[in-house]
Amino acid sequence: MGCKQSKAAGAAPQAQPNHPGVAISGKASNGAPAGPGSENAATRSTTNAHVGKGATSSKTPPLAKRNSSLTSKKSQRSDASTPQPPPQQPKRPSTPQLPHEASLYHYLLGGLTVDDTPTEQVARARTAPFWNEARRLCQSDPSLAAYVDSHTRGTPLHVACSLGSSQIDDVSVADAAVACVHAILEACPEAASKRDGHNHVPLEGIFAGIFTAAKRRRARETKRTADDEDVTEDDDDVDISAPFRFRNPTAHLLLTRDPDSLLLRGKSLYKLVESLPDDTHPPLGPTALFLQILVDLGGATAAGAAAKGAATPSLSGINFDDFAASPEEDDVLALLYRRFVRQFDRSERFFAGDNSREEVVRHRERWKNAAVNTFHVIEWLLRRPRGTSGNIGNDGSKSGDGDNDDNDLLVHNAVRVGACPPDLLRYIVETNLESVAEKDSKGNLPLHYAAGASDADALIVNSGNAPPESYSKFLIDELLYAYPDGAGVPNADGVLPIVLAIESGKKWIGGGVRSLYEAYPAGLEDARLSDDHPIVSAMSFQSDGGDSVVTEMLGGQDDEEGTVHTAMDGGGGRRRKRTHRKKINKDESHDAIMFVQKPDSSVRDVVSTMWANEEDAGVQMLGCASLGRMATEAGSSDKDIASVALLGVTAVVNAMKNHPNEPAVQERACAALAVLAPADGVREVSFAASGAISSVVSAMQAHVSDATVQIEACRALRGIAAKGGAERATMVASVSGFTALINAMGAHPDDGDVQRETCLAMEVLTSFPDAYLPNIAGQAEPFLQAAAENFPDDCLKPAMAVREKLL
């Protein structure tokens, strides 16, 4: 049904500001009338100016002025009963009237006009009568909904969506605004698809309101930080129910009318998700429902798409200057998983005193709700876009009729998405082990998708580039660790994972083919490789003597027998006799140790290589060193360092956990965390929730005799506390960090560097009056005194500062 166009004619309306800017700014626009038939403010100003000019420009001669004065005095003495002619008034120019068809549009633009109430000043858009009147206007003349402003190309629906999303803070007002939007769409269904001068559809007006709320939230947090308030405390003054009471049904109405109006993926999706607040409502909370609507009706997804993660053209016109561009080394799933971990960590927060009291229980319940809501969003964004299917053929390609019957299989979705962050993928696999061995309706295990996906399919979310070479190895290794027998399970077409991997172009080591071979060596026989196949030239194994020799079966070739070593490290383990062997040259291009040291490697490449080779201490040590170097070279600001920390912090912590007894790994990891510390709190980076703080303290405890580890660990703790304040200092104390510092001083009394760094770390940690710290004055006193006496140049000042605070 088309829009009913108004036949009323009139002059073009005065230029109006772009509607998203009007709604976001919180200021009434010039020229926005208070209501139907009211004066244009700019016109009133112009009219008054003209009146003033007329009064001052009449040049009356002095004599005429005096005669006029005398006449006036005589008239005052005349009889009062004598009728007097009315005084002449300057003629007021008539106000230009808006054309009738623009009345609804301009009425909505007046929603930011502030009215006085008995108690406060309230913008009209925050009252139900405003929206009820707009709905009445639209229903009285449906053609008003079809109006398109000649300057902004905006429509009444554009204004209503941006105005409602940014202004509404009351549930009853939200209901009235939704009814108004519904009336506009009933009058003009095509309005849902209309694009304004910035190429925005009305749905993006809702996003603009979310961005505005995020700016306000960040401003509050900045102020609380400046006022030395605890920004980790619950902010009960901000209720997100009312704005999402408008946003959710409005988004549903718009996407029901036009599901294809907006392709929400890549950077556009990242910016929206980043701006959403913590949702502590019981699941499903309003923000989770909002994302569910965008996924189910609008096709929002974290999966790679034809657009290859580029910003949606429709969103390219929004001014994101106030929102830092999403970094290339991050994606929406990584952001959400960091948020999930942070929220869950807050739900486990320890408070001074009785932790069973009501306010503590309520705090924990609210933040567990937030974590659950966030993970629901992760689950939905992992789903495949509309119109895709998951059948993996013999060539590794996808085919099907477009149904998404298996969209509830979380592990399958995490593998199919293309590049699920390593820590998130591991969490999903470990919490859904039974699903790793489950086939979907197409007869595929998650392993079949991991093996059959080509580089073209596995686009990095939000970047459009091929995933790091080692990501396939990590993915396949994780699935094989959970279900090693999966390597021998064919799909519905009878094809084994190793065959899918080879035919999709995966490489021997970095692509995970060797891992599949070692889990099920017999599977390689089905591949029917030719002599010149890349896998053949890449395959190599270490002989008992350590020489790089060969040996893989190629039917019908040499008769020489040999032994194939099938252990994960390429040597030892199970041995099987093979016939018809052929020697092959070793391919060194996948040497992970060399790869993480390449100066031109990206953060994502280094991190992916570290996760894929976490059993290799050398890779972990050099990977940590590279991340530390990258952070140093990135710049000095928090956001510059965050470009490395977003993915780097969890990779460093994972290295520390996998190699607790390797001092070289612990040393380089602590050094990297010290450089990355300023990014704590930026884009959900959390040194507490990630386990960085506890890992640093564990390194100190495990290597108390290693002075270098102690020095780097002290620097890391000092940097973390300097950025995180009282909360981080309390966290250090809760994992026995002060005990570790005292032990370091005792173990290295003659090492000036150790003494200096421990004193400096303790000075920062004890500088926050609100930190909950243990009583260590008695333990620390003799060590602080000795440090001050033995190394006065470096230790006297900080040691005395610590003593003063402790005592």
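Keep in mind the model is a prediction, meaning the values are calculated, not measured.

Analysis parameters
- Along every chain, residues carry numbers that run from 1 in the direction the sequence is written.
- Given that the model is predicted, a residue must reach a pLDDT of at least 70 before its local features are reported, and side-chain atom pairs must reach 80 or more before they are shown or counted; all residues, however, enter totals for whole chains, interfaces and linings.
- Where side-chain values are given, they derive from all heavy atoms of the structure, hydrogens and water being excluded.
- Each helix is a run of H or I in the DSSP string that is no shorter than four residues. Each strand is a run of E no shorter than two, and both are numbered from the N terminus.
- In this scheme, a residue with accessible area under 20% of its type's maximum is buried, one over 50% is exposed, and one in between is partly exposed, where area comes from a 1.4 Å probe on protein chains only.
- Where accessible areas are quoted, they stem from the Shrake-Rupley method and a 1.4 Å probe; at the residue level, only the protein chains shown are allowed to cover.
- Here a salt bridge means any side-chain nitrogen of Lys or Arg lying within 4 Å of a carboxyl oxygen belonging to Asp or Glu.
- Aromatic contacts are taken between Phe, Tyr and Trp rings whose centres are within 6.5 Å, Trp giving its six-membered ring; a plane angle under 30 degrees counts as stacked, one over 60 as edge-to-face, and the others as tilted.
- Only when the NZ atom of a Lys or the CZ atom of an Arg is both within 6 Å of the ring centre and within 35 degrees of the ring normal do we say a charge sits over the ring.
- For the purpose of counting charges, residues Lys and Arg are taken to be positive, whereas Asp and Glu are taken to be negative. His and the chain ends are not included.
- Contacts described as polar in this section are N or O atom pairs within 3.5 Å, which, within protein, must combine one atom able to donate a hydrogen with one able to accept it, while residues neighboring in sequence count only if both atoms come from side chains.

Chemist: Help me understand the overall build of the chain, please; the structure alone is not making it clear to me.
Modeler: A tally of helices and strands in the chain yields 32 helices and 10 strands. For the chain, with 807 residues in total, the buried portion stands at 51%. Within the structure as shown, the chain displays about 35,500 Å² of accessible surface, and the carbon and sulfur contribution to it stands at 51%.

Chemist: Even after reading the chapter, I still don't get the pattern of salt bridges, so can you show me in this structure?
Modeler: Side-chain pairs of opposite charge can arise where the charged atoms are in close proximity. Within the structure shown, the criterion is met by 31 salt bridges. The partner of Asp 753 in a salt bridge is Arg 756, and the shortest N-O contact between them spans 2.9 Å. Residue Asp 753 and its partner Arg 756 are both found in helix α30 (residues 752-765); the two are separated by three residues, about one turn of the helix. In this structure Asp 753 comes out as partly exposed when scored by relative accessible area, which is 36%.

Chemist: Can you help me understand the packing of aromatic side chains in this one?
Modeler: The full count for this structure, using the stated rule, is 14 aromatic pairs. Taking 5.3 Å as the distance between ring centres and 90° as the angle between the ring planes, the aromatic pair formed by Phe 130 and Trp 131 counts as edge-to-face. For the pair Phe 130 and Trp 131, a shared accessibility class is recorded, and that class is buried. Their ring planes at 75° and their centres at 6.0 Å tell us that Phe 474 and Trp 611 sit as a pair that is edge-to-face. Of this pair, Phe 474 sits in helix α18 (residues 471-482) while Trp 611 sits in helix α23 (residues 603-612); the two residues are 137 residues apart in sequence, bridging distant segments of the chain. By the burial criterion, Phe 474 is buried, and Trp 611 matches it. A connected cluster of aromatic rings, assembled from ring pairs, spans Tyr 107, Phe 130, Trp 131 and Phe 246. Over the ring of Phe 244 we find Arg 247; its NZ or CZ atom is 4.7 Å from the centre of that ring. Lying over the aromatic face of Trp 367, Arg 346 brings its terminal NZ or CZ to 3.8 Å of the ring centre.

Chemist: Please clarify how unusual backbone geometry should be interpreted in this entry.
Modeler: Peptide bonds are mostly trans, and most non-glycine residues show a negative phi. Of the consecutive residues Pro 283 and Leu 284, the connecting peptide bond is found in the cis state with omega at -5°. With respect to the helices and strands, Leu 284 occurs in the loop between α10 (266-275) and α11 (286-296). Of note, the phi angle at Glu 684 is positive, near 70°, even though the residue is not glycine. Its place among the elements puts Glu 684 in the loop between α26 (663-676) and α27 (692-702).

Chemist: Sorry if this is basic, but what is going on with the side chain of Asp 196 here?
Modeler: Its place among the elements puts Asp 196 in the loop between α7 (171-187) and α8 (203-226). One buried charged residue, Asp 196, forms no salt bridge at all, with the nearest opposite charge on Arg 195 at 7.4 Å. Reaching out from Asp 196, the side chain makes a polar contact with the backbone nitrogen of His 200 at a distance of 2.9 Å.

Chemist: Any chance you could explain helix α15 (residues 422-430) here in plain terms?
Modeler: Along an α-helix, residues three or four apart share an orientation, since each turn contains 3.6 residues. Within α15, seven of the nine residues are buried, leaving the element largely enclosed by the surrounding structure. Residues of α15 that are buried include every one of Pro 422, Asp 423, Leu 424, Leu 425, Arg 426, Ile 428 and Val 429, and no others.

Chemist: It is not clear to me how the environment of Ser 694 should be interpreted in this structure. Could you clarify?
Modeler: Assignment of secondary structure puts Ser 694 in helix α27. Judged by relative accessible area, Ser 694 falls into the partly exposed class, the value being 26%. With 41 residues separating them along the chain, Ser 694 and Val 735 place their C-alpha atoms 6.2 Å apart. Within the structure, the side chain of Ser 694 is placed 3.1 Å from the backbone oxygen of Gly 691, a separation counted as a polar contact.

Scope: geometric values only; no functional claims are made or implied.
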